[in-house]
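# Observations on the model geometry
These are the residues of each chain, in order.
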Amino acid sequence: MIWYLALVMLVGLERVAELVVARRNAAWSLARGGVVAGQGHYPWMVALHTGLLICAPLEAALAQRPFLPALGWPMLALVVAAQGLRWWCITSLGPRWNTQVIVVPGLSLVTRGPYRFRRLRHPNYVAVAVEGLALPLVHTAWVTALAFTVLNAALMVVRIRCENAALALASGR
């Protein structure tokens, strides 16, 4: 169980690194006339992601969820893959990546990295969904996995609509 708590803490530290990058990138975008959208759903995203990091190890400990190698190892591989995809997205978007919806008018859409796959318009959200399901299941915290997945799906509907509208407005479409 200690190693699982360490894993969740590492993911939490990764989130802190994201926030540092996001703050720097927000300053870059705002200095270039960036427009912030979707502030209403952002606190819910923060709460959901914080809840994931608290509830997964809490459920594993309090409900005495076992580590099942046949489930845990593949889920750990998915957690690692999700981190890789997330950072591929972050590096591909460069200073335009953010945890908030901030769009700089006049900039064209990024078409490198995972964004070159037109059918996968929001690859970062794929990483979030995979991680949110897999991280709790590393240690069989299925209630947290299910709750996060359902709540995240609802939140992503709002987020993606907001982001698409902001991008369309910024590009003049």
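Predicted model only: the values in this text are computed from it and were never measured.

### Comments concerning the packing of helix α1 (residues 2-31) against helix α2 (residues 42-62)
Any two packed helices are characterised by the angle at which their axes cross and by the distance between the axes. Interhelical geometry of α1 versus α2 gives an angle of 165° and a closest axis separation of 9 Å. In terms of orientation, α1 lies roughly antiparallel with respect to α2. When the axes of α1 and α2 are compared, the crossing they make is left-handed. Listed contacts from α2 to Tyr4, Leu5, Val8, Val11, Gly12, Arg15 and Leu19 of α1 are Tyr42, His49, Leu53, Ala56, Pro57 and Ala60.

### Things to note about the packing of helix α3 (residues 69-93) against helix α4 (residues 123-137)
Running from N to C, α3 and α4 cross one another at 155°; their axes reach a closest spacing of 8 Å. It follows from the interaxial angle that α3 and α4 lie roughly antiparallel. Two packed elements cross with a definite hand, and for α3 against α4 that hand is left-handed. Taken together, the residues of α4 that come into contact with α3 (itself represented by Leu71, Gly72, Met75, Leu78, Val79, Ala82, Gln83, Leu85, Arg86 and Cys89) are Pro123, Asn124, Val126, Ala127, Val128, Val130, Glu131, Ala134, Leu135 and Leu137. Looking at the contact of α3 with α4 residue by residue, the class counts come to 15 nonpolar, 3 polar and 2 charged.

### What about the packing of aromatic side chains?
Tallied over the entire structure, the rule returns 3 aromatic pairs. Through a chain of ring-to-ring contacts, the aromatic side chains of Trp3, Tyr4, Phe67 and Trp73 assemble into a single cluster.

### Overview of a nonpolar patch on the surface
A cluster of nonpolar residues, Trp88, Phe117, Leu120 and Val126, forms a patch on the protein surface that exposes about 320 Å² of accessible area. Residue placement: phenylalanine 117 occurs in the loop between β2 (101-103) and α4. For phenylalanine 117, a relative accessible area of 40% translates into the label partly exposed.

### Looking at α1
End to end, α1 covers 44 Å across 30 residues, agreeing with the expected 44 Å (1.5 Å per residue, within 8%). Of the residues trailing α1, glycine 33 is marked for its positive phi of about 85°.

### A short note on the layout of surface pockets
Taken as a whole, the largest pocket spans an internal volume of roughly 1100 Å³. Around the largest pocket, the lining is made up of 44 residues, and of these Leu93, Trp97, Asn98, Tyr125 and Glu163 lie nearest the centre. When contributions to the lining of the largest pocket are tallied by element, the ones reaching two or more residues are α1, α2, α3, β2, α4 and α5 (142-171).

About the cut-offs
Residues numbered from 1 in each chain as written. Predicted model: local features only at pLDDT ≥ 70, side-chain atom pairs only at ≥ 80, totals over all residues. Heavy atoms only, no water. Axes fitted to C-alpha atoms, helices over the stretch in contact; angles between N-to-C directions. Helix = DSSP H or I, 4+ residues; strand = E, 2+ residues; numbered from the N terminus. Parallel < 35°, antiparallel > 145°, perpendicular 65-115°, else oblique. Left-handed = near helix turned anticlockwise from the far one by under 90°. Contact = heavy atoms within 4.5 Å. Nonpolar A, V, L, I, M, F, W, Y, C, P; charged D, E, K, R; others polar. Phe/Tyr/Trp six-rings, centres within 6.5 Å; stacked < 30°, edge-to-face > 60°. Patch = residues over 30% accessible without salt bridge, like charges linked within 9 Å, V, L, I, M, F, W, Y side chains within 5 Å. Areas by Shrake-Rupley, 256 points an atom, 1.4 Å probe, with all protein chains shown as cover. Salt bridge = Lys/Arg side-chain N within 4 Å of Asp/Glu carboxyl O. Buried < 20%, exposed > 50% of the residue type's maximum accessible area, 1.4 Å probe, protein only. Expected span 1.5 Å × (residues − 1). 1 Å grid on protein atoms, 1.4 Å probe; cavity = no way out; pocket = protein on both sides within 12 Å on 5 of 7 lines; lining within 4 Å. Points joined across faces, edges and corners; volume = space filled by probe spheres on them.

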